[in-house]
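A look at the structure
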Amino acid sequence: MAVTPQPGIMEIDLYVGGKSHVDGVENVLKLSSNENPFGPSDAAKKALERAALGLHRYPSTDHAGLRAAIGEVWGLDPARVICGNGSGELLMLIAQAYAGPGDEVLFTEHGFAMYPIYANANGATPVIVAERDRRIDVDALLAACTERTRIVYLANPANPTGTMLGEAELLRLAEGVPDRAVLVLDGAYAEFVEGYDAGKALVDRFDNVVMTRTFSKIYGLGGLRIGWAYASQGVIDVLMRIRGPFNLSAPALAAAEAAVRDRAHTEKCRSENARLREWMAGALAELGVPSDTSTANFILARFASEEEARACNEYLAAQGILLRYVGGYGLPDCIRITVGDEASCRRVVHAIGQFKGAS
């Protein structure tokens, strides 16, 4: 008898990340993975260098230093913070802890491609909920909740659309989600929104709301894989029981602690991203390529058709400009463009202008 995997695993389509190279092309500009063009802060890089002196030692198991720094910067109780190998590990741990065969996991139609993978990997049923004009529809989400619903994943700001729910709509969703279900506010891009608490107030008010964050975006530490979550003490206790004891390396912990404390670098990245995002969106709109107002570090450029979007993506790739065609997210006429530094933004706009015949 052949060895067979657990139910749901063979339903998973392999995740495909953004491309990073083009055969035969030098000077490749990668704007396909929403990376921070300014990289990590100098403080984080120096902390990483110092940590290299102790590579023969195991890392801490309680992540106390990083949790304390996160608590200090974001005004949270460190005891209710859990750290993971990117926010992805924490999103998976939530699925392992709260969803299984017979349960349903909800997410929206243009949501992060990993959400159905987390559901299927644990034998749960993924349920896709329609959006409205590339925006999360709270009424549709609440209507989709059933007695089998155990998790609702919600990226806010959303990827790849860049749109987000306001505080009033988030509160309405949190109030309406069944108590037996976990509402997960995936805040990978939260730091790019000035004044947004990423769901902190909701976590403090509702025991079934969890907020996740990452160091891969605004902090520029995607290569180290660090994330964290904030939740009620009951949820944290559950997740701690299944988290691996050494899931974060000592260098990653040191770099992340320095990064989160360097508020000046974070603010510089946020303000520059906002400036260049607005400029690029406006410049593309003048070329006949509109986009919704983005609150993240990318814009979702909309073309006249799937054919035009594919052709433009291929045209730019041939020039070494790598963007993210998002047909797999149910957006066949769109390309997601990471906001790079100023030279990168100007290069991609110029190239799209050439493609559109505007130069």
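Check the entry above for the structure.
The following paragraphs examine the structure supplied in this document. Sequence order as written defines the numbering, with residues in each chain counted from 1. Reporting in this predicted model follows two pLDDT cut-offs: at least 70 for local features of residues, and 80 or more for side-chain atom pairs to be given and counted; totals over whole chains, interfaces and linings ignore these cut-offs and use all residues. Excluded from the side-chain calculation are hydrogens and water; included are all heavy atoms of the structure.

What follows deals with the overall build of the protein. Helix and strand assignments come from DSSP, with helices taken as H or I runs of at least 4 residues and strands as E runs of at least 2, each series counted from the N terminus. In terms of helices and strands, the protein carries 12 helices and 12 strands. In terms of overall dimensions, the protein is globule-like: its C-alpha atoms have a radius of gyration of 20 Å, near the 21 Å expected for 359 residues. When its C-alpha atoms are laid out on the principal axes, the protein stretches across 60 × 55 × 50 Å. Think of it in three bands: with a 1.4 Å probe and only protein chains considered, a residue is buried below 20% of the maximum accessible area for its type, exposed above 50%, and partly exposed in between. When each of the 359 residues of the protein is scored for burial, the buried share is 52%. Within the protein, counting contacts between residues at least 6 apart in sequence, those at least 24 apart form 74% of the total. Accessible area for the protein stands at about 15,800 Å²; split by element, carbon and sulfur atoms hold 52% of it. In summary, the charge assignment counts Lys and Arg as positive and Asp and Glu as negative, without counting His or the chain termini. By convention, the charge on Lys lies at NZ, on Arg at CZ, on Asp at CG and on Glu at CD. Positive and negative charge centroids in the protein, built from 35 and 44 side chains respectively, lie 4 Å apart. C-alpha atoms define the radius of gyration in this analysis, and the globule rule sets the expected value at 2.2 Å times the number of residues to the power 0.38. Residues count as neighbours in contact if any of their non-hydrogen atoms are within 4.5 Å of one another. Every accessible area reported is derived by Shrake-Rupley at a probe size of 1.4 Å, with residue values counting cover from the shown protein chains alone.

For the rest of this paragraph, the subject is the pairing of strand 7 (residues 209-214). Where burial is concerned, most of strand 7 is hidden: six out of the six residues are buried. Two strands form a pair only when DSSP identifies at least two bridges running between them. Across four bridges, strand 6 (residues 182-186) lies against strand 7 in parallel orientation. Bridge pairing in strand 7 links leucine 183 to valine 209.

Turning next to unusual backbone geometry. Between asparagine 156 and proline 157 the backbone carries a cis peptide bond, its omega angle lying at 0 degrees. Note on placement: proline 157 falls in the loop between strand 5 (149-155) and helix 6 (167-176). Cis geometry marks the peptide bond from asparagine 159 to proline 160; its omega dihedral reads 20 degrees. Positive phi, normally seen in glycine, also occurs at aspartate 133, with a value near 55 degrees. Within the secondary structure layout, aspartate 133 lies in the loop between strand 4 (125-129) and helix 5 (138-144). We classify aspartate 133 as exposed; its relative accessible area is 54%.

Let us look at the packing of aromatic side chains. Paired rings are identified among Phe, Tyr and Trp, the last through its six-membered ring, by centres lying within 6.5 Å, and are further divided according to the angle between planes into stacked (under 30 degrees), edge-to-face (over 60) and tilted (the rest). Tallied over the full model, the rule gives eight aromatic pairs. Ring plane angle 50 degrees and centroid distance 5.6 Å describe the contact between tyrosine 315 and phenylalanine 355, whose orientation is recorded as tilted. Remark: phenylalanine 355 occurs in helix 12 (residues 342-355) and tyrosine 315 occurs in helix 11 (residues 306-318); sequence separation between them is 40 residues. Among the residues examined, phenylalanine 355 registers a relative accessible area of 24% and is labelled partly exposed. Among the aromatic side chains, those forming a connected cluster through ring pairs are Phe107, Phe112, Tyr115, Tyr118 and Tyr153.

The subject of this paragraph is the sheet that holds strand 12 (residues 334-338). Strands sit in the order 9-12-11 across an open sheet of three strands; the sheet is antiparallel. Both outer strands of the open sheet, strand 9 (298-302) and strand 11 (324-325), are each paired with one neighbouring strand and no more. Pairing geometry for strand 11 and strand 12, over two bridges, is antiparallel. Along strand 12, the bridge assignment pairs arginine 324 with arginine 336. In this analysis an axis means a line fitted to C-alpha atoms, helices contributing only their contacting stretch, and an angle means the value between N-to-C directions, from 0 to 180 degrees. With respect to the sheet, helix 10 (residues 263-286) is in contact with strand 9 and strand 12, its orientation differing from that of strand 9 by roughly 10 degrees.

Take the number of residues in a helix, subtract one, and multiply by 1.5 Å to get its expected span. Under the 1.5 Å per step criterion, the end-to-end length of helix 11 is 18 Å for 13 residues, consistent within 8% with the ideal 18 Å. Inspection of helix 11 places Glu308, Ala309, Cys312, Asn313 and Leu316 among the buried residues, and these make up the whole buried set. The arc that holds the buried residues of helix 11, viewed along the axis, is 130 degrees, so those residues lie on one side. Residues of helix 11 that are exposed and point more than 90 degrees away from the buried face comprise Glu307, Glu314 and Ala318. Next to the buried residues of helix 11 lie strand 10 (321-322), strand 11, strand 12 and helix 12. In this context, the arc is that of the directions from the helix axis out to the C-beta atoms.

Within the secondary structure, histidine 110 sits in the loop between strand 3 (104-108) and helix 4 (114-121). We define a polar contact as two N or O atoms separated by no more than 3.5 Å, with the added condition that, inside protein, one atom must be a possible hydrogen donor and the other a possible acceptor, whereas residues neighbouring each other in sequence contribute only through side-chain atom pairs. A distance of 2.8 Å separates the side chain of histidine 110 from the backbone oxygen of tyrosine 329, its partner in a polar contact. Look past the residues within four positions of histidine 110 in its chain and what remains in contact with it is Glu131, Arg134, Asn159, Pro160, Thr161, Tyr329, Gly330 and Leu331.

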